[in-house]
Amino acid sequence: MSDSSFAPAQHNEQDIAFMREALKLAQQSFDESEVPVGALVVVDDQIVGRGFNCPIAQSDPTAHAELQAIRAACAALRNYRLPDATLYVTVEPCTMCLGAIVHSRIGRIVFGAYEPKAGRICSNPLVNDACFNHRLTVVNGVLEDECRELMQRFFALRREQKKALKNHKLSPT
């Protein structure tokens, strides 16, 4: 069992192309008023699973983009293990998603934006915890600016909507 390797800025053109596809999925989340995160599972240069955040629409707190993509990939490949897969995700995964990544034995993860509060790969590392019996390769910061900008736009819009609602409630009718 080897240690996780962190490869900041060591990505290739293929990583960029797949991250652009993940960003399209994140935009779908944005368009549906969900936190904009998109994810892909790729095996042998083929997308075998896609997902975007939809916990509100599905009334399911586990409906994160990573889990949606992993479920789709497992169904497509008819296997609950994905050792030769790469997971592309626009935002650093949370604890729940890291658990699914480890349990599915994904070999490599490529993410865009860091998640300073809940990210468990680099920001608040849990990925190397001794309790995990699987190690993965990590490439971080791919299209980071684009991924971060989409999140920032979403939360700025949400704050604006919240402020407008508050102002509407305070105004006399």
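From a predicted model like this one, the values you see are computed outputs, not experimental measurements.

Draft legend 1. Focus on the overall build of the protein chain. When you go through the protein chain residue by residue, the secondary structure sums to five helices and six strands. The linear arrangement of helices and strands in the protein chain, starting from the amino end, is β-α-β-β-α-α-β-α-β-β-α. On C-alpha atoms alone, the protein chain measures out to a radius of gyration of 17 Å, which is about the 16 Å that the 2.2 N^0.38 rule sets for 173 residues. Across the 173 residues that make up the protein chain, the buried fraction comes to 46%. For the protein chain, restricting intrachain contacts to residue pairs at least 6 apart in sequence, the fraction spanning at least 24 positions comes to 61%. In the protein chain, 19 positive and 20 negative side-chain charges are present, and the distance between their average locations comes to 8 Å.

Draft legend 2. Focus on unusual backbone geometry. Despite not being glycine, Ser33 has its phi angle at roughly 60°, a positive value. With respect to the helices and strands, the residue Ser33 is situated in the loop between helix 1 (13-31) and strand 2 (38-43). In the Ramachandran plot, Asp44 falls in the positive-phi region, its phi being about 50° despite a non-glycine side chain. Inspection of the secondary structure assignment puts Asp44 in the loop between strand 2 and strand 3 (46-52).

Draft legend 3. Representation of the side chain of Asn53 in the model. Its location among the elements puts Asn53 in the loop between strand 3 and helix 2 (55-58). Within polar-contact distance, the side chain of Asn53 engages the backbone nitrogen of Ala65 at 2.8 Å. Beyond its immediate chain neighbours, meaning those up to four positions away, Asn53 contacts Ser29, Glu34, Val35, Val37, Ala63, His64 and Ala65.

Draft legend 4. The arrangement of the pattern of salt bridges in detail. Following the criterion strictly, the structure yields six salt bridges and no others. In this structure, Glu21 engages Lys24 in a salt bridge whose closest nitrogen and oxygen atoms are separated by 3.0 Å. Here Lys24 and Glu21 lie together in helix 1, a separation of three residues that amounts to about one turn. Since its relative accessible area comes to 53%, Lys24 is described here as exposed. Across the pair Arg153 and Glu149 runs a salt bridge, and its minimum N-O distance is 2.9 Å. Linking Arg153 with Glu149, this pair stays in helix 5 (residues 144-170), spanning four residues, or about one helical turn. With relative accessibility at 37%, the residue Arg153 sits in the partly exposed group. Here the salt bridges do not stand alone but share partners, grouping Glu21, Lys24 and Arg50 into one network.

Draft legend 5. Quick look at helix 4 (residues 95-103). Within the sequence span of helix 4, burial applies to Cys97, Leu98, Gly99, Ala100, Ile101 and Val102. The secondary structure elements touched by the buried residues of helix 4 are helix 3 (65-77), strand 4 (86-91) and strand 5 (108-113).

Draft legend 6. Representation of the nonpolar core in the model. Within the largest apolar cluster, 32 residues are counted, with the highest numbers of intra-cluster contacts made by Val41, Ile70, Leu82 and Ile109. Sorting the residues of this core by element identifies strand 2, helix 3, strand 4, helix 4 and strand 5 as the ones contributing at least two each. With near-sequence residues (within four places) excluded, Ile70 lies in contact with Val41, Leu82, Ala100, Ile101, Ser104 and Ile106. Phe18, Leu25, Ala63 and Ala113 belong to the second largest nonpolar core, which has 22 residues in total.

Draft legend 7. Main features of helix 1. Its 19 residues place the ends of helix 1 27 Å apart at the C-alpha level, agreeing with the 27 Å of an ideal helix rising 1.5 Å per residue. The backbone nitrogen of Gln14 has a side-chain oxygen 3.0 Å away, supplied by the residue at the start of helix 1, namely Asn12. Remark: Ser33 follows helix 1 within two positions and exhibits a positive phi of approximately 60°.

Draft legend 8. Representation of the pairing of strand 3 in the model. Pairing analysis gives six bridges linking strand 2 to strand 3, with the strands arranged antiparallel. Residue pairing across strands places Gly38 opposite Phe52, the latter belonging to strand 3.

So, how was this worked out
- Residues numbered from 1 in each chain as written.
- Predicted model: local features only at pLDDT ≥ 70, side-chain atom pairs only at ≥ 80, totals over all residues.
- Heavy atoms only, no water.
- Helix = DSSP H or I, 4+ residues; strand = E, 2+ residues; numbered from the N terminus.
- Rg over C-alpha atoms; globule rule 2.2 N^0.38 Å.
- Buried < 20%, exposed > 50% of the residue type's maximum accessible area, 1.4 Å probe, protein only.
- Contact = heavy atoms within 4.5 Å.
- Lys, Arg positive; Asp, Glu negative; His and termini not counted.
- Charge placed at Lys NZ, Arg CZ, Asp CG, Glu CD.
- Polar contact = N/O pair within 3.5 Å; in protein donor to acceptor, adjacent residues only side chain to side chain.
- Salt bridge = Lys/Arg side-chain N within 4 Å of Asp/Glu carboxyl O.
- Core = buried A, V, L, I, M, F, W, Y, C linked by side-chain atoms within 4.5 Å.
- Expected span 1.5 Å × (residues − 1).
- Pairing = 2+ DSSP bridges.

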